[in-house]
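Overview (structure and organization)
Next come the chains, spelled out residue by residue.
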Amino acid sequence: MGDLARLLKESWSLVEEHQDKVAGYFYARMFLSHPDLRDLFPVHMDVQRARLLNAIVTSVQTLEDPERFGEYLRALGRDHRKFHVEPEHYEVVGGALIEAMRAFAGEQWSIEYDQAWADAYAVIASKMLAGAEADENPPYWYAEVVAHERRAKDIAVFTVLPMQPLEYRAGQYLSIECSKYQPRLWRTYSPANAPRRDNTIDFHVRAVGAGWVSSALVRRLQVGDMIKVAAPMGSMTLDRRSTRDAVFVAGGTGLAPIKSLLEELTRYNRTRWVHVFFGARTREDLYDLADLNRLAARYPWLSVVTACSDDPTFPGEQGEISDVVARYGPWQEHDFFVSGAGGMVRSTLKKLAELQVPSVRIKYDSFNE
Ligand SMILES: Cc1cc2nc3c(=O)[nH]c(=O)nc-3n(C[C@H](O)[C@H](O)[C@H](O)COP(=O)(O)OP(=O)(O)OC[C@H]3O[C@@H](n4cnc5c(N)ncnc54)[C@H](O)[C@@H]3O)c2cc1C
Ligand code: HEM
């Protein structure tokens, strides 16, 4: 371990157990010295009080070699423009961070630790700033809701029209702020269509438990409302050069990016067999089956298998979608795309490893990781 990394880890261990208090102090320090910064953060700070602090500490500590993470940091800097972060804010945040740690570490804190954090933070901030500066796109796009349909108790499918063209690739995700109902809270959602000429984008959203943004998008959003959409991210995209057959595994609204990838394939595929496995707890949650079946009827290379884990009379497959995938196959020669909630993605990856599918052929997006 390098000297800098050792100093960062050593000093963080002095305050780690008081993380929550360090976060409280960090924000208080920052908002006292710069009250205008309060407006950048969500209304209910208790919800995600430690989000930024944790994010910075993790970045600083895990990025022992910032050069290796250059692209990630530039993208993070570009993305921070959606929070209205300006270059001069970086110094304020860095200062508050070090002061907060110093305040809780007590006498064991040393000037060496100050220097280590200042150095590491400066390198990271400079890469984020370079990313922000180089980006020619707007920090976010306003988009009008042009259709909104409840497909199940907790699921909505809606369409937005960005006010300016927004480029993304099928399989990527965007972040959304549901400005009217949950200002300043951003969450990521995957377009459910390949880019269209008319620029409209479909989203499939499931309201999770007490989820702030998903509940608003499902239960409150209406046609005519404006949302904000920012920066496409993610690499679960198609490799046009691949000639392998493909398997798409979707759990619930994890279908969104899979549908987007399928739509892209319908534009050029003539040679690859494509299998979609779509699973949910009950048949009501297979909210987009009619459309999937329409695609399967139209494209002879496409087959769709559906499964319910909690609906004993469902006429399709029974069980977790990862187990269902394993019943078909063999799969060693296929490209895989997996998308859904954390548990579903984890168990599918585990199953694929048991089936000896090489990990380089698997792309995935996990909703809660
Ligand atoms: C790459 C990516 C793409 C995504 N694409 C989609 C998409 O297309 N459609 C979609 O519906 N969602 C998608 N998500 C999930 C989405 O970003 C939010 O995490 C989700 O909507 C919850 O946000 P929230 O503000 O409502 O909940 P929060 O207020 O953030 O969380 C509230 C509570 O719910 C819990 N929770 C959060 N997420 C889940 C979950 N998935 N299952 C169970 N409990 C949860 C939290 O732990 C917390 O306790 C995607 C996530 C990622 C990372
Ligand atoms: C080294 C510097 C920084 C790093 C590594 C960093 C990292 C992060 C990360 C990873 C997130 C979570 C992203 C997400 O949820 O989409 C985040 C959120 C955020 N960051 Fe930063 N950040 C840095 C500097 C700053 C600065 C200078 C500001 C200006 C005040 C800032 C303001 C925010 C805000 C407002 C959020 C959203 C917080 C929330 O939702 O609670 N960040 N940051």
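In short, a report on the structure. (Residues numbered from 1 in each chain as written. Chains lettered and ligands numbered in written order. Predicted model: local features only at pLDDT ≥ 70, side-chain atom pairs only at ≥ 80, totals over all residues. Heavy atoms only, no water.)

Summing up its helical and strand segments, the chain has 11 helices and 12 strands in all. For the chain, whose C-alpha radius of gyration is 23 Å, the value lies close to the compact-globule estimate of 21 Å for 369 residues. Projecting the C-alpha coordinates of the chain onto the three principal axes gives extents of approximately 70 × 50 × 40 Å. Residues counted as buried form 50% of the 369 residues belonging to the chain. With an accessible surface of roughly 18,200 Å², the chain has 51% of that area assigned to carbon and sulfur atoms. Mean positive and mean negative side-chain charge positions of the chain (44 and 50 charges, respectively) differ by 6 Å. (Helix = DSSP H or I, 4+ residues; strand = E, 2+ residues; numbered from the N terminus. Rg over C-alpha atoms; globule rule 2.2 N^0.38 Å. Buried < 20%, exposed > 50% of the residue type's maximum accessible area, 1.4 Å probe, protein only. Areas by Shrake-Rupley, 256 points an atom, 1.4 Å probe, with all protein chains shown as cover. Lys, Arg positive; Asp, Glu negative; His and termini not counted. Charge placed at Lys NZ, Arg CZ, Asp CG, Glu CD.)

This part is about the coordination of the iron atom of ligand 2. A lone protein donor contacts the iron atom of ligand 2, and this donor is H80 (NE2), found at 2.1 Å. With respect to the helices and strands, H80 occurs in helix α4 (residues 70-80). (Donors = N, O, S within 2.8 Å, 3.2 Å for Na, K, Ca; no water.)

Let us look at the sheet that holds strand β7 (residues 246-251). In space, the 6 strands of this open sheet follow the order β10-β9-β8-β7-β11-β12, with parallel pairing throughout. Lying at the two open borders of the sheet, with one neighbouring strand each, are β10 (317-318) and β12 (362-366). Bridge count for strand β11 (residues 335-340) against β12 is 5 bridges, and the pairing is parallel. If you follow S339 over to β12, its bridge partner there is D365. Strand contacts of helix α8 (residues 255-268): β7, β8 (274-280), β9 (302-308) and β11, with the helix running at about 150° to β7, the strand carrying the most contacts. Packing of helix α9 (residues 289-298) onto the sheet brings it into contact with β8 and β9, and relative to β9 it is tilted by some 155°. (Pairing = 2+ DSSP bridges. Contact = heavy atoms within 4.5 Å. Axes fitted to C-alpha atoms, helices over the stretch in contact; angles between N-to-C directions.)

Our focus in this paragraph is the pairing of β11. Looking down a regular strand, the side chains alternate between one sheet face and the other. Counting buried positions over the 6 residues of β11 gives 6, a clear majority of the element. Of the two faces of β11, the one carrying D335, F337 and S339 and the one carrying F336, V338 and G340 are both buried. You can see the chain leave β11, run along helix α11 (residues 342-354) and come back into β12, and the turn it takes is right-handed. (Right-handed = clockwise from strand over helix to strand, strands pointing away.)

With antiparallel pairing, 6 strands are arranged side by side in an open sheet as β4-β3-β6-β1-β2-β5. Since the sheet does not close on itself, it has two edges, and those belong to β4 (186-189) and β5 (201-206), each with one partner. In this sheet, adjacent strand axes meet at a mean angle of 40° when their direction is disregarded. Relative to strand β2 (residues 155-162), strand β1 (residues 141-152) runs antiparallel, the two being bridged by 8 bridges. Paired with A143 across the bridge in β2 is P162. Docked against the sheet, helix α7 (residues 212-220) engages β1, β2, β3 (173-177), β4 and β5, running at close to 115° with respect to β5.

For helix α1 (residues 3-15), with 13 residues, the first-to-last C-alpha span of 19 Å sits near the 18 Å given by 1.5 Å per residue. Residues A5, L7, L8, S11, W12, L14 and V15 constitute the buried set of α1. (Expected span 1.5 Å × (residues − 1).)

As a structural note, the neighbourhood of ligand 1 is formed by 18 residues, with R187, T188, Y189, H204 and S214 the closest of them. Note that a nitrogen atom of ligand 1 is positioned 2.8 Å from one of the backbone N or O atoms of H204. T253 places a side-chain nitrogen or oxygen 3.1 Å from an oxygen atom of ligand 1. Within the shell around ligand 1, the residues separate by chemical class into 8 nonpolar, 8 polar and 2 charged. (Near = heavy atom within 4 Å. Polar contact = N/O pair within 3.5 Å; in protein donor to acceptor, adjacent residues only side chain to side chain. Nonpolar A, V, L, I, M, F, W, Y, C, P; charged D, E, K, R; others polar.)

Another point: the packing of α8 against α9. At a closest axis distance of 12 Å, the pairing of α8 and α9 adopts a crossing angle of 25°. Taken together, the axes of α8 and α9 lie roughly parallel to each other. The two elements α8 and α9 cross, and the hand of that crossing is left-handed. Facing L255, K259, L262 and T266 of α8, the residues of α9 in contact are D291, L292 and L295. Its residues assigned to classes, the contact of α8 with α9 comprises 4 nonpolar, 1 polar and 2 charged. (Parallel < 35°, antiparallel > 145°, perpendicular 65-115°, else oblique. Left-handed = near helix turned anticlockwise from the far one by under 90°.)

Formed by 40 residues in total, the largest nonpolar core has its most connected members in F26, Y27, M30, F41, L97, M101 and W117. Among the secondary structure elements, those contributing two or more residues to this core are α1, α2 (19-33), α3 (51-62), α4, α5 (89-105) and α6 (111-134). In terms of residue count, α5 provides more of this core than any other element does, 9 residues in total. Residues within four places of W117 in sequence aside, it is in contact with L8, S11, W12, V57, V60, Q61, L97, I98, M101 and W109. A170, A246, L255 and Y299 belong to the second largest nonpolar core, which has 31 residues in total. (Core = buried A, V, L, I, M, F, W, Y, C linked by side-chain atoms within 4.5 Å.)

What follows covers the side chain of D225. Its place among the elements puts D225 in the loop between α7 and β6 (226-233). A relative accessible area of 6% places D225 in the buried class. At a separation of 2.8 Å, a polar atom in the side chain of D225 contacts the side chain of Y181. Within the structure, the side chain of D225 is placed 2.9 Å from the backbone nitrogen of Q222, a separation counted as a polar contact. Once residues lying within four places of it in the same chain are set aside, the contact partners of D225 are A143, E144, V145, K180, Y181 and R220.

Here the focus is α8. Here α8 spans 20 Å end to end across 14 residues, near enough to the 20 Å set by a 1.5 Å rise per residue. The element α8 is largely enclosed, with a buried count of 13 among its 14 residues.

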